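Structural overview for review
Below are the chains, spelled out letter by letter.
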Amino acid sequence: MIIKSAEFVISNSDYKLCPQDGKPEYAFIGRSNVGKSSLINMLTNKKGLAMTSSKPGKTTLINHFIINNQWYLVDLPGYGYARRSKEGREKLREIIEDYILERTELVNLFVLVDVRHEAQLIDLEFMEWLGENGVPFSIVFTKADKLSALRLQTNVEAYKDKLIESWDELPPIFITSSERKQGRDEVIDYIGKIQSQMV
Ligand code: GTP
Ligand code: MG
């Protein structure tokens with residue numbers, strides 16, 4: 001699939017206020033600073049489309065971007081940012097959880113994981129929660145450029161081994177680098193395949 005156009009539409013703190021045109025959407029979630037916004041910019045080839053920051057906690061709203069006038073990419077706030085107040089964290093949790101559970105337009109959630117680190121409990125528990133709630137998701141490893149080829153492969157294999165401990169089947173897995181535009185075709189084609197099955 002080719003991305004011909006990508007435009008920012010709206011930011012919201014409540015899924016009920018998100019676009020009402022019923023177009024399918026693909027959302028990005030993961031720990032704060034994992035690279036969600038950067039990935040959206042990489043996929044759409046538009047550097048400043050989603051706001052990024054080297055400081056965690058940048059994205060605090062549900063952001064909709066319309067692609068080819070047909071479907072949405074959705075940038076979500078990150079979870080697990082410890083330096084936010086308890087109320088702040090609770091509020092974000094509510095925004096994210098309500099969106100994921102109630103937003104019927106959500107077709108697939110991409111859970112982003114920094115490939116440099118070993119499996120983190122917060123991500124594993126989040127995926128468990130998705131499974132319990134029947135939310136379809138895929139895993140996107142980010143920041144692949146920060147590792148050697150060998151280390152990258154070792155880390156991905158170790159992560160799969162960890163997942164196999166609690167899942168019968170592995171979700172689709174993508175290895176990406178927004179820095180090097182790695183994994184772009186794979187993610188876009190995956191969305192394209194789902195899209196073509198819907199019409
Ligand atoms: P929040 O909105 O705060 O939850 O963060 P986010 O997940 O949207 O992360 P964001 O895209 O803002 O990126 C965080 C930092 O990681 C920025 O400094 C990015 O430049 C950097 N980054 C993101 N993706 C990559 C990547 O693939 N490679 C490298 N080297 N850096 C990356
Ligand atoms: Mg962000």
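Structure first, text after, so check above.
Given the structure is predicted, the values throughout are model-derived calculations rather than measurements.

**Looking at the packing of helix H2 (residues 86-102) against helix H3 (residues 121-132)**
Where H2 meets H3, the closest approach of the two axes is 11 Å, and the angle between their N-to-C directions is 35°. In the packing of H2 onto H3, the handedness of the crossing is right-handed. Residues Glu97, Ile100 and Leu101 of H2 lie in contact with H3, whose contacting residues are Phe126, Trp129 and Leu130.

**Description of helix H5 (residues 184-198)**
Helix length check: H5 (15 residues) gives 22 Å between terminal C-alpha atoms against 21 Å at 1.5 Å per residue, within 8%. Listed as buried for H5 are Arg184, Val187, Ile188, Tyr190, Ile191, Gly192, Ile194 and Gln195. On the buried face of H5, the contacting elements are strand S2 (25-30), helix H1 (36-44), strand S4 (71-75), strand S5 (106-114), strand S6 (137-142) and strand S7 (173-175).

**Some details on the pattern of salt bridges**
Applying the stated criterion across every chain yields a total of nine salt bridges. Of the charged contacts in the structure, one is a salt bridge between Lys162 and Glu165, with a shortest N-O distance of 3.6 Å. Look at Lys162 and you get partly exposed, because its relative accessible area is 35%. Each member of the salt-bridge network shares a partner with another, and the members are Glu25, Arg103 and Glu105.

**As for the coordination of the magnesium ion (ligand 2)**
Around the magnesium ion (ligand 2), the donor atoms from the protein are Ser37 (OG) and Thr59 (OG1), and they sit 2.0 to 2.2 Å away. With a gap of 22 residues between them, Ser37 in helix H1 and Thr59 in the loop between H1 and strand S3 (62-67) connect regions that are remote in the sequence. Exposure class is identical for Ser37 and Thr59. Each is buried.

**Some remarks on the nonpolar core**
The tendency in soluble globular proteins is for nonpolar side chains to be buried as a group. Counting 35 residues, the largest nonpolar core has Tyr99, Ile100, Leu109, Phe126 and Leu130 as the members making the most contacts within it. When residues of this core are traced back to their parent elements, those giving at least two are S2, S3, S4, H2, S5, H3, S6 and helix H4 (149-164). When near neighbours in sequence (up to four residues on either side) are disregarded, Leu109 contacts Ala27, Ile29, Leu76, Ile100, Phe126, Leu130, Val135, Pro136, Phe137 and Ser138. Core analysis: the second largest hydrophobic core is formed by 24 residues, Val34, Leu43, Phe65 and Trp71 among them.

**Some words on the site of ligand 1**
The full set close to ligand 1 counts 21 residues, and Ser38, Gly57, Lys58, Thr59 and Asp145 are the nearest of them. Backbone polar atom of Asn33 to an oxygen atom of ligand 1: 3.0 Å apart, as the coordinates give it. Interatomic distance of 3.0 Å between a backbone N/O atom of Ser53 and an oxygen atom of ligand 1. Contact with the protein chains covers 88% of the free accessible surface of ligand 1, which is 650 Å².

**Some words on the environment of Ser196**
With respect to the secondary-structure elements, Ser196 resides in helix H5. Along the primary structure Ser196 and Met1 are separated by 195 residues, whereas in three dimensions their C-alpha atoms are 9.7 Å apart. From its side chain, Ser196 meets the backbone oxygen of Lys193 in a polar contact 2.9 Å long.

**A word on H4**
Under the 1.5 Å per step criterion, the end-to-end length of H4 is 23 Å for 16 residues, consistent within 8% with the ideal 22 Å. Along H4, the residues that are buried comprise Leu152, Asn155, Val156, Tyr159 and Leu163. An end-on view of H4 places all buried positions within 95° of arc, on one side of the element. In H4, the exposed positions that point more than 90 degrees away from the buried face belong to Leu150, Gln153 and Asp161.

**What about unusual backbone geometry?**
Residues other than glycine seldom take positive phi values, yet Asn33 does so here, at roughly 80°. Structurally, the position occupied by Asn33 is in the loop between S2 and H1. We classify Asn33 as partly exposed; its relative accessible area is 33%. Look at Lys181: it is not a glycine, yet its phi comes out positive at around 55°.

Parameters at a glance
Residues numbered from 1 in each chain as written. Chains lettered and ligands numbered in written order. Predicted model: local features only at pLDDT ≥ 70, side-chain atom pairs only at ≥ 80, totals over all residues. Heavy atoms only, no water. Axes fitted to C-alpha atoms, helices over the stretch in contact; angles between N-to-C directions. Helix = DSSP H or I, 4+ residues; strand = E, 2+ residues; numbered from the N terminus. Left-handed = near helix turned anticlockwise from the far one by under 90°. Contact = heavy atoms within 4.5 Å. Expected span 1.5 Å × (residues − 1). Buried < 20%, exposed > 50% of the residue type's maximum accessible area, 1.4 Å probe, protein only. Salt bridge = Lys/Arg side-chain N within 4 Å of Asp/Glu carboxyl O. Donors = N, O, S within 2.8 Å, 3.2 Å for Na, K, Ca; no water. Core = buried A, V, L, I, M, F, W, Y, C linked by side-chain atoms within 4.5 Å. Near = heavy atom within 4 Å. Polar contact = N/O pair within 3.5 Å; in protein donor to acceptor, adjacent residues only side chain to side chain. Areas by Shrake-Rupley, 256 points an atom, 1.4 Å probe, with all protein chains shown as cover. Arc of directions from axis to C-beta.

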